[in-house]
Amino acid sequence: MKNIAWGKLGFHYTEPDYIVRSACHEGVWEDPYATQDKFLHLHVQATCLQYGQEAFEGLKAFRGVDGKIRLFRWRENAKRMARSAEGLFMTPVPEAVFGKAIHLALEKNLDFVPPYGTGATLYFRPLLIGTTPRLGVGPGRDFEFIVIPSPIGPYYPGKFHCTSFIVNRYVDRAAPYGTGQFKVGGNYAASFRATEAAHNMGMDCLFLDAKYHKYIDECSAANFIGIMRKGDKIEYLTPRSSAILPSITNDSLMTLAKERGYKVTRRHIRLEELADMSEAAACGTACVISPIDRVIDPEKNVMYSFGAEPGEVLTGLYRALKDIQYGRAEDKHGWTEIFS
Ligand SMILES: Cc1ncc(COP(=O)(O)O)c(C=O)c1O
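The structure presented is a predicted model; accordingly, all values stated were derived computationally and were not measured.

## Focus: the overall build of the chain
Line of reasoning, step 1. Scanning the chain from terminus to terminus reveals six helices and 18 strands.
Line of reasoning, step 2. Computed over the C-alpha atoms, the radius of gyration of the chain is 20 Å, within 12% of the 20 Å expected from 2.2 N^0.38 for a compact globule of 340 residues.
Line of reasoning, step 3. When the backbone C-alpha atoms are referred to their principal axes, the chain occupies close to 55 × 50 × 35 Å.
Line of reasoning, step 4. For the chain, buried positions account for 45% of its 340 residues.

## Observations concerning the site of the ligand
Line of reasoning, step 1. Every residue lining the ligand is accounted for by Gly-58, Glu-218, Ala-221, Ala-222, Asn-223, Leu-245, Ser-247, Ile-248, Thr-249, Asn-250, Gly-284 and Thr-285.
Line of reasoning, step 2. Sort the elements by how many residues they give to the shell around the ligand and helix 5 (residues 248-259) lands first, with three residues.
Line of reasoning, step 3. The residue inventory of the shell around the ligand, partitioned by class, reads four nonpolar, seven polar and one charged.

## A word on helix 5
Line of reasoning, step 1. Between its terminal C-alpha atoms helix 5 stretches 17 Å, which fits the 16 Å expected from 12 residues at 1.5 Å a residue.
Line of reasoning, step 2. Among all positions in helix 5, only Ile-248, Thr-249, Asn-250, Ser-252, Leu-253, Met-254 and Ala-257 are buried.
Line of reasoning, step 3. Looking one or two residues past helix 5, Gly-261 carries a phi angle of roughly 85 degrees, positive in sign.

## Some points on the nonpolar core
Line of reasoning, step 1. By size, the foremost hydrophobic cluster in this structure holds 86 residues, and its most contacted members are Ile-102, Ala-105 and Leu-128.
Line of reasoning, step 2. Taken together, domain 1 (6-152) and domain 2 (163-325) each give at least three residues to this core, which thus spans both.
Line of reasoning, step 3. Every residue in contact with Leu-128, bar those within four places of it in the chain, is listed here: Glu-54, Ala-55, Met-81, Ala-85, Met-90, Val-93, Phe-143 and Phe-145.

## Some thoughts on the packing of helix 2 (residues 74-87) against helix 3 (residues 95-107)
Two numbers describe a pair of packed helices, the interaxial angle and the distance between the axes.
Line of reasoning, step 1. Packing of helix 2 against helix 3 leaves a shortest axis separation of 10 Å and a crossing angle of 130 degrees. On the basis of the axis angle, helix 2 is oblique to helix 3. Judged by the twist between their axes, the crossing of helix 2 over helix 3 is right-handed. Contacts between helix 2 and helix 3 involve Trp-74, Arg-75, Ala-78 and Met-81 from the first element and Glu-95, Phe-98, Gly-99 and Ile-102 from the second.
Line of reasoning, step 2. Residues of the contact of helix 2 with helix 3, tallied by class, amount to five nonpolar, one polar and two charged.

## Things to note about the pairing of strand 8 (residues 143-152)
Line of reasoning, step 1. Most of strand 8 sits inside the fold, with seven of its 10 residues counted as buried.
Line of reasoning, step 2. Two elements, strand 1 (residues 19-25) and strand 8, share five bridges in a ladder whose sense is antiparallel. Looking at the pairing, Cys-24 lines up with Phe-143 of strand 8.
Line of reasoning, step 3. Summarising the sheet, strand 7 (residues 121-130) and strand 8 pair through 10 bridges and their orientation is antiparallel.

## A closer look at unusual backbone geometry
Line of reasoning, step 1. The phi dihedral of Arg-73 is positive, around 45 degrees, even though this residue is not glycine.
Line of reasoning, step 2. Here Arg-73 lies in the loop between strand 6 (69-72) and helix 2.
Line of reasoning, step 3. A positive phi angle, near 65 degrees, is found at Val-288, a position not held by glycine.
Line of reasoning, step 4. The topology assignment puts Val-288 in strand 16 (residues 288-297).
Line of reasoning, step 5. Judged by C-beta crowding, with 24 C-beta atoms within 10 Å, Val-288 ranks as buried.

## Quick word on the pairing of strand 12 (residues 223-230)
Line of reasoning, step 1. Pairing geometry for strand 12 and strand 15 (residues 279-284), over five bridges, is antiparallel. Bridging from a neighbouring strand, Ile-227 pairs with Glu-279 of strand 15.
Line of reasoning, step 2. Here five bridges tie strand 12 to strand 13 (residues 233-239), and the two strands are oriented antiparallel to one another. Bridging from a neighbouring strand, Ile-227 pairs with Tyr-236 of strand 13.
Line of reasoning, step 3. Counting the residues that bridge the hairpin from strand 12 to strand 13 gives two residues, and of these Gly-231 lies at a positive phi of roughly 60 degrees.

## Some words on the environment of Glu-337
Line of reasoning, step 1. Within the secondary structure, Glu-337 is located in strand 18 (residues 336-339).
Line of reasoning, step 2. Sequence-distant contacts of Glu-337, defined by excluding residues within four places in its chain, comprise Arg-70, Leu-71 and Trp-74.

## Here we look at the domain arrangement of the chain
Line of reasoning, step 1. Segmentation of the chain into domains returns domain 1 (6-152) and domain 2 (163-325).
Line of reasoning, step 2. Taking the mean C-alpha position of each, domain 1 and domain 2 sit 26 Å from one another.
Line of reasoning, step 3. Residue-level contacts link 20 residues of domain 1 with 11 residues of domain 2.
Line of reasoning, step 4. In terms of residue count, the dominant contributor to the side of domain 1 that touches domain 2 is helix 2 (six residues).
Line of reasoning, step 5. Partitioning the side of domain 1 that touches domain 2 into residue classes produces seven nonpolar, five polar and eight charged.

## Regarding helix 4 (residues 185-200)
Line of reasoning, step 1. End to end, helix 4 covers 22 Å across 16 residues, agreeing with the expected 22 Å (1.5 Å per residue, within 8%).
Line of reasoning, step 2. When helix 4 is considered as a whole, its buried residues turn out to be Asn-187, Ser-191, Ala-194 and Ala-198.
Line of reasoning, step 3. On the buried face of helix 4, the contacting elements are strand 9 (163-168) and strand 10 (204-208).

Rules of the game
Residues numbered from 1 in each chain as written. Predicted model: local features only at pLDDT ≥ 70, side-chain atom pairs only at ≥ 80, totals over all residues. Helix = DSSP H or I, 4+ residues; strand = E, 2+ residues; numbered from the N terminus. Rg over C-alpha atoms; globule rule 2.2 N^0.38 Å. Buried ≥ 20, exposed ≤ 12 C-beta atoms within 10 Å, placed from the backbone. Near = placed C-beta within 6 Å. Nonpolar A, V, L, I, M, F, W, Y, C, P; charged D, E, K, R; others polar. Expected span 1.5 Å × (residues − 1). Core = buried A, V, L, I, M, F, W, Y, C linked by C-beta atoms within 7 Å. Domains from an automatic or database assignment. Contact = placed C-beta atoms within 7 Å. Axes fitted to C-alpha atoms, helices over the stretch in contact; angles between N-to-C directions. Parallel < 35°, antiparallel > 145°, perpendicular 65-115°, else oblique. Left-handed = near helix turned anticlockwise from the far one by under 90°. Pairing = 2+ DSSP bridges.

Given below as structure tokens:
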């Protein structure tokens, strides 16, 4: 195992020994191979640079309580990357190539899988880029698929952490039926103006739908979850929108919520409905669940508060999913794959 201060790792890149690459020409993907070369020899007119033909993914391997390494739902990431590729007119990476690349990247970097109990994991960043040189606007025909592993610490170090959000109405990250439903770099570049302004105020950015600025879309680079309680009935609410990324974490949490007898609803959620929620959170691979303590709407001069401590419903779901990822609970859904 590498001599790394695992407990001190943040959500930052640590150079792995190997990355894995595969190129696609004329629709045919080459066998993924490991290399220590972290640089690309890319034509300056490549469609990824000129026209943003780029998609990426994010998934993790966990060292479990039993010392075994578990990959979490990588096939879902493969499917989502294929949808992103189709969304940007790229040749999708077949699941077999995606899977082989992830497994090879893990095998070649086993010393970078953090020990159990440190909160750190091995994160994989699959990247797909268009490499054809083109001057006329249009898609390329050649692609490169790269898997870059990096050990990372928890997104929010320390305890299960609450974050504050500020409502943004001046930057739209993605249009309805645009690229928001795909994991493509352009969405993130488009959001930087708003997210950096929020970070400078010590908060994260809550994006509303781009058409009406009325419904909740996403929490920075994560899906939104709200909890409503009526007596002993618990409802798990999450937005329905054509502009948000279908989160694999959210999908897993919805399954766990249903198992606990909660009503799970995916629908348009008006911003003002935050006032009726007992708990709210952002969810995604990086943090699993990041509870929200308050949402500030500066234009309307309103603040929605959810308490300084994470609520019991979301805490329960957070623990349940992490227990599966770390092998502390039975994986009834076959979400984890033990690497051997
Ligand atoms: C914009 C956006 N929404 C949601 C998510 C959460 O998705 P997942 O749970 O698959 O990580 C991510 C992270 O990948 C994201 O970048």
